[in-house]
Amino acid sequence: MHSAGPSGIVSCKSLLEAATADYPFDPFVLEQESDVGGTFKYRSYEEYVAYLRAYCDHFGVLSKIKFQAKVINIRRNLSGGHTVAYVHRDLGLENSWSSTPTLVDVEYVVVCTGLHVIPSIPMIPGIEYFSTETDSERPKAFHSHKYKARDQLAGKSVMVLGTGETGMDIAYEAVKAGATEVTLCSRSGFLSFPKALNDFEILGFRFESKKPVPIDSLITNLGETAYVHPWVSASHIRWFISDFVLKRVMWLLTGTQSGCNQWVGELDPSRLGRAYVFLNKSHKAMPYINRPYKNRPKVLQYLSRYIDPPEDSPPQTDFVINFAPFPTSFSKEGRAIFPNIPRKDAIRMATKVVKPQLVIFATGYTQNFDFLDKADGYATPRDADVRDVTRTGDESVAFIGFVRPGVGAIPPLAEMQIFFWISLIKNRVKKPLTAPHYHLLVKDTARIKYGVDHSAYMSTLAKDIGAAPGLWELWLEYGSHVFICYCFGAAFTSFYRLVGPFRSPSAPQVIKTEIWDTIERRGIIGNVVMGVIPMIFYLGLNAAVYVVATPVTALSFDPVSDILWAGSNVGDVTGYYGTRGIRGVSYKVGGNLAVKKIVAGENHVRALGVSGDGFGTWAKGGMNKWYFRQARPFPDPLVKIYDLRTMRSLPPIAFSSGPAFIHVLPKRASTIAVVSNQGLVNVVDILNPAAASEFYQLDLTSYITSCSVSATAAYMAFGDAEGVIHLLSQAEDVTGVPFNGFDGQPVEWADTPDALPDIVWTDTMPLNTVGLPHYDTQLLSAWTPLFSPPTVVYSPPPKVPAQLLNTMKMKDNVAYAALPRELKGRRNVVNVDLPKHNGRFRSGKARKTENDPSTPVYDYADSEVPRMYRRVEIEYSKFGVEDFDFGSPIRDLAKSHITTNCPREHCLLCELGFVVRMLEDARASNSIELVDYGRDGVEVDYAHKIQIFHRFLIENLSSEGNTFPNNPVLLKTSTVSTVPRPLPAAPITQLLGMDAKNVITCNNCDTVRKKDYMTHLVDLTYPRKGPSNEPPPATDFTSVLRHSLFRPTTHKANCQNCADYTSFTSQRSISSHDLPPILAINACVVNEETLGLWLDVRGQTYLPPQLQLHGQVDGVDDPLATEYTIRSLIVQVLSKDKQSHLVAIVKVPEAEKRVNSESPWFIFNDFVVRNISEEEALSFPDKWKAYILRGKRRLYQVPAIIYYERKDLTDVLDLSGLPNKIDETILCHDTSISVNRDPHFIKHEVLRPNELPRPGTFVAIDAEFVSMQQEETEFRSDGTKKVLRPARLSLARVSVLRGGGPEQGLPFIDDHIHTSEVIVDYLTEFSGIKFGDLDPHLTRHTLTPLKLVYKKLRVLVDRGCVFIGHGLSKDFRIINIYVPPEQVIDTVDLYFLKSRQRRLSLRFLSWFVLHEHIQTETHDSIEDARSALNLYKAYTEFEEAGTFDQKLEELYAEGRLYVNDYSLYFLLRQLTNLRLFRTSGHRNPPTVGEHSTLNARHLQDI
């Protein structure tokens, strides 16, 4: 245990109680301080600390605590546990610790350091004018954790930043201490609610609460926490209803919905409620805050009012706590500068001068987990995906007390968390776990995401461990008293100690006394209003959902789309898209009874009803059909197996729960999944029933009614009687894995039909007024022969000769006959043309007849498309694509990112950086194999796809490159300012980001508020044509761009100021100075009207080479302008046969500096590069440059993406701050993500710091690979073949050995590579890699991410190491790393004679030169690398002796003997079925003398 706060103490106590012979827990607690209580002892909670001390004495925890022990490191040890290093405090010195740590090995670690660790202090410009020293005469500023006593506040002007409970407490303390002025500042408001409700009056009748009831005990169990339907829980409707009612009750009692008697500091309506934020239960300061704002009519005040507690210091005065927004800065004179925003407190404070003498930051805390060794892959509380307690696969580390309830306290949650973790360790948790529906609803960008609903979280954990009691069970065992307490009480821990693994005999007595007291305090009216009424309502709601819920009776995965088809009990079939279950098309099967079976095909979905009108089918595209009826079959109680291969039955498999559904798993031919109605899933191998089976139990409240398995076996879907579909998946991240392993066909959503015309019929109305449907394309009846494809005529097949017909025999409908001698060699032979001498690529030049050296392109039928713009395709050779090379531009930002410690395993920016670095080193080397060249369909809208990818790429690069607050500054500043500048944003954001303000104005009361708005791209929006009496809008490119940036938009919402549902106008505001250095623009042209803007008019291009862009601030144009020049654009080109592609047109910066270049503009059409003029680059003379067909509508598409950059970009851009060197000590760290690494499999020793290689250091290397993709080949009728998709290999293991010194041949890198992709073939015979070796949960080897291994190799290359190996050129190509030729010594080239043309294998060289037998059973990279190193050493010895040439001739002479003898051996083996080497006792090549004997003997046998 780490920390003796409340969470650590209760965890230790629970582990002591849960210790058994099988799990002999012996916990101890490490506490940095000298007493229990953690941070509470510093926050004026003396009574609570005393309670914790008494708690430890009572339960015997105190003896288990080691005080003044500071944990400095926790790392994994070789036994699978953890090694904890901690130091002791030096006697008499508060901040001095011993230098020698104490090490202790443990099996489990529980982290309980809490949420309040490191003070969080925001940076406010001007705060540096305040002093942090206590004896300074200047105004002071400090964090709230340094507040100790009221004399720190007395007689001063105090400003408190933050309106959490701590901020409210300090503001109240300042009032009581006699501060001259108190200012309380809030960022976005708060939700105030007292810890216990005080007195209130209704119509003059006073309701007194002599014993106030805590608000966290007002929520009842029955209907709100217990017996809740899964849909009700998932929809959070309970929270919304509760918020709705509480807001109305608060308005009735206090006159405001913002909180309990809260008249200022209201939250945004979208966040107002207990479902979104933590309640602020510190209420004492509210009367002083409300005083300037409370304005309630006396009539309403008489009808009802809330009575605040009496003001005790100073008694009954008019003292006011000034409520204000967060200051934007402080002046040198110490004055707080508040923002000008339309908040009532900001308007009031705008006229006040506030010069605080003391500023207290009540801005919360951050957590720090530096003691967890990052190299060992420890999780943090954010990574705890198992009930926010631990991480999947690393359950030996728990995080207790790191969730915060919206209402309630953390210690009860901590106790339930430790109960859950202990049950998880003991394997007593019900699995699979239900979906977590207890988190507070926050945005993805929220800073705090650890909020939970107290009742829902407690109940969920209790159900997981089997501690949630049933009503009947409570009544029978404990009687009515406990039963009533459970129904009317809140979710207290004592209720979950009545049953289950943590049952306590003292729990009933606690419930009957303490919890019963909270129920009695409510009184009769309180229990009716807050107990009976909500209970009846929620029980009725849950009962209604149970009644309405329709059982899912049939399921089927769609084979071509990411759709799950579900049939209901009332005859409906519905499609659900993706793992999020988006509801799609639905149709009836017929009748009103259940759907029995669904079969989804490529073009149809067929469903069979139990009864009704028949068999229903839905053709994908629209229509329903009905066929025959079929009755329901009766399930057999046993699983009977019939083997179709041997045509015999196998012994049945007993399934005690009763088999309801049986499915064969697609990827495991002999494995079936048996499912019971109760949700028990048994995966069993029918060929080996004795083997261990897999069991899974679904969390159900009803029974299973249907089941289906996806085509990849990654998902199993189960429908239950309540209409809920349960997914069971092997995938770790189900949101990113489609049902069938691929995205499938896009979902076709129906177009909204046009409204019917309103026709007034008269006697003279012609019938043609009705009109006919409008078609965008020609009808089939209007097609001409020109639209028909050319008929392909083939020669008819030859007739069967009469000789065969006369001797033909029939058996089981199969005809057969012997082939006569005269027909041998003549049947099934056709004449074919000679193979064409084409180039290696489709674009390549033919070897013989072609003389045209022009650009390799398709031969389009539409000749209006210029040749250099036509589509280019790479045709794979037998060597895949490794023989094709071209270059790529350098990107300093991506190259710099790979030198940082990026925590993401899959990072686009890292991948881009590695590619850029590799291409830079290789001088236009291989990069095409980085791209998977799939075959897209014909009608692909590449312009739309590239714009979507453009946004995805920029947003991801921005987030992945963000190292805030350590981002480098890329833009130079022209002025020197004494005011501290804000910390820089992500590098991509500095280049492309537009940090604008969104000015929102209420059209009813003209209230204005501003929101920050950040975007990296501009989507062009084109102005619409107005009425004919108005001048047409400007349509030039600059005007359209400004319109897209600053166009006003309108929307409707509730106005906080005028309290009306009215319309708002929203408009961006950004100055010219703040426009980004680089403008990234998506063209967004979707129709012919906007296309017409782009076409050239009278020789003038629409796209300007330079433009001036004015910003706009608060609706007023900025007089200053920023000048931009165009840099590049991307255009889609499509011919009339619909074959589309993209080309890039770039203004190359290096070409601008060349004198001999005609133009800096170049077109990049795949690997075709041509120099063009600026006029051609920006011109769109005709529609060939953008022609596209989308669906059945004919549209035109212009440039997809345009980039402009500021003219002064080189003057303002400074890339010198980017890191450019990888940390070389990475070679000294042993890193592994393997959970079960076996010390016996560790064969390497990492380098010591003094061993880091220098230029010229020899290292031996060998790599092993696995297959990620099989080769796809098309065999043609003429005997030739075409490679459609080459095989793809991935690095699986790399070993690097010391090449010299006393430890020569000792590996310092021996890493297996983790991959998240599906491995097609482990190639075990050649790689030595087996199933499970690359799985972090199964492997016993050292397993590391590919990125880390790549960095290690990158360091070795950069430090000038010389690599020794065998066949390294192939290895380095697959790894995608470029090593200069002078740094490579390849033994396959050393031992090679060009005149012989044959290269020698490593196994043969080792046998002949080193007299060693390697690769006897499989490959081992350490063995191969060591053999290559020894071969190089032998080579140097031969060279020094002058005998290498002679030795090489002997090698080839001996090798030629083995080639001939092995050829004869394989012939003999085929003819005599003899095993040559086993017969002669050889496992390696026999000697020369043995060859003649063996050959003669086997020839004699023949």
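What counts and what doesn't
Residues numbered from 1 in each chain as written. Predicted model: local features only at pLDDT ≥ 70, side-chain atom pairs only at ≥ 80, totals over all residues. Heavy atoms only, no water. Helix = DSSP H or I, 4+ residues; strand = E, 2+ residues; numbered from the N terminus. Buried < 20%, exposed > 50% of the residue type's maximum accessible area, 1.4 Å probe, protein only. Areas by Shrake-Rupley, 256 points an atom, 1.4 Å probe, with all protein chains shown as cover. Pairing = 2+ DSSP bridges. Expected span 1.5 Å × (residues − 1). Salt bridge = Lys/Arg side-chain N within 4 Å of Asp/Glu carboxyl O. Patch = residues over 30% accessible without salt bridge, like charges linked within 9 Å, V, L, I, M, F, W, Y side chains within 5 Å. Lys, Arg positive; Asp, Glu negative; His and termini not counted. Charge placed at Lys NZ, Arg CZ, Asp CG, Glu CD. Axes fitted to C-alpha atoms, helices over the stretch in contact; angles between N-to-C directions. Contact = heavy atoms within 4.5 Å. Parallel < 35°, antiparallel > 145°, perpendicular 65-115°, else oblique. Left-handed = near helix turned anticlockwise from the far one by under 90°. Nonpolar A, V, L, I, M, F, W, Y, C, P; charged D, E, K, R; others polar.

Requested: an account of the overall build of the protein, with residues and values cited.
Helix and strand counts for the protein stand at 31 helices and 62 strands. For the protein, the residues scored as buried account for 46% of the 1502 residues in total. Of the roughly 79900 Å² that the protein leaves accessible, carbon and sulfur atoms contribute 54%.

Account for the pairing of strand E32 (residues 659–664), naming residues and giving values.
With 5 bridges connecting them, E32 and strand E33 (residues 671–676) associate as antiparallel partners. Counted as the bridge partner of Ile662 is Val674 from E33. Hairpin connection of E32 to E33: 6 residues between the antiparallel strands.

Kindly report on helix H24 (residues 1346–1358), identifying the contributing residues and their values.
The terminal C-alpha atoms of H24, which comprises 13 residues, lie 18 Å apart, in line with the 18 Å expected from a rise of 1.5 Å per residue. Of all 13 residues making up H24, 11 are buried, and the element is well covered by its neighbours. Residues of H24 that are buried include every one of Lys1347, Leu1348, Val1349, Tyr1350, Lys1351, Lys1352, Leu1353, Arg1354, Val1355, Leu1356 and Val1357, and no others. One or two positions beyond H24, positive phi appears at Gly1360, with a value near 80°.

So what about the pattern of salt bridges? Which residues, and what values?
When charged atoms on two side chains of opposite charge get close, those side chains can pair. Evaluation of the coordinates by the stated rule reveals 35 salt bridges. In this structure, Arg53 and Asp35 form a salt bridge, with 2.7 Å as the shortest nitrogen-oxygen distance. Of the two residues, Arg53 sits in helix H2 (residues 46–59) while Asp35 sits in the loop between strand E1 (29–30) and H2, which places them 18 residues apart along the sequence. When the shortest N-O distance is used, the salt bridge between Asp1117 and Arg1042 registers 3.1 Å. On the criterion of sequence distance, the pair formed by Asp1117 in strand E48 (residues 1116–1134) and Arg1042 in helix H18 (residues 1037–1046) is long-range, its members being 75 residues apart. Through salt bridges with shared partners, a single ionic network connects Lys13, Glu17, Glu415 and Arg497.

Hey, could you go over a nonpolar patch on the surface for me, with residue numbers and the actual values?
On the surface, Ile202, Leu203, Trp251, Leu252, Val299, Leu300, Tyr302 and Leu303 cluster together into a nonpolar patch covering about 770 Å² of accessible area. Secondary structure elements with two or more residues in the nonpolar patch: helix H5 (237–254) and helix H7 (298–303). For the nonpolar patch, the element with the highest residue contribution is H7, accounting for 4 residues. By the secondary structure assignment, Tyr302 is in helix H7. Residue class for Tyr302 comes out exposed when judged on its relative accessible area of 54%.

How would you explain a negative patch on the surface if you had to name every residue and give the values?
There is a patch of like negative charges on the surface, built from Glu1437, Glu1439, Glu1440 and Asp1445. Here the negative patch gets 3 residues from one element, more than from any other, and that element is helix H28 (residues 1421–1441). Taking relative accessible area as the criterion, Glu1439 reaches 41% and is therefore assigned partly exposed.

I'd like to hear about the sheet that holds strand E62 (residues 1384–1386), residue by residue, with values.
Taken in spatial order, the 6 strands of this open sheet run E60-E59-E58-E55-E61-E62, and their pairing is mixed. Bordering the open sheet on either side are strand E60 (1343–1345) and E62, each of which pairs with just one other strand. Adjacent strand axes in the sheet meet at a mean angle of 35°, parallel and antiparallel pairs treated alike. Pairing geometry for strand E55 (residues 1258–1269) and strand E58 (residues 1288–1298), over 10 bridges, is antiparallel. Paired with Glu1264 across the strands is Arg1293, a residue of E58.

Tell me what's going on with the sheet that holds strand E17 (residues 358–361), and back it up with residues and numbers.
What the 5 strands build is an open sheet, ordered E8-E17-E9-E10-E14; its pairing is parallel. Because the sheet does not close on itself, it has two edges, and the strands there are strand E8 (140–143) and strand E14 (321–325). Neighbouring strand axes in the sheet, compared pairwise and without regard to direction, differ in orientation by 20° on average. Across 4 bridges, the pairing between E8 and E17 is parallel. Each bridged residue has a counterpart across the sheet, and for Ala141 the counterpart in E17 is Val359. Its contacts with the sheet put helix H3 (residues 165–177) on strand E9 (157–161), strand E10 (181–186), E14 and E17, and the angle it makes with E10 is roughly 170°.

So what's going on with the packing of helix H1 (residues 6–18) against H2? Which residues, and what values?
Their axes nearest at 11 Å, the elements H1 and H2 cross at an angle of 15°. Considering their axes alone, H1 and H2 lie roughly parallel with respect to each other. For the element pair H1 and H2, the recorded crossing hand is left-handed. Along the contact surface, H1 presents Pro6, Ile9, Val10, Lys13 and Glu17, while H2 presents Tyr48, Leu52, Tyr55, Cys56 and Phe59. Class assignment of the residues belonging to the contact of H1 with H2 gives a composition of 8 nonpolar, no polar and 2 charged.

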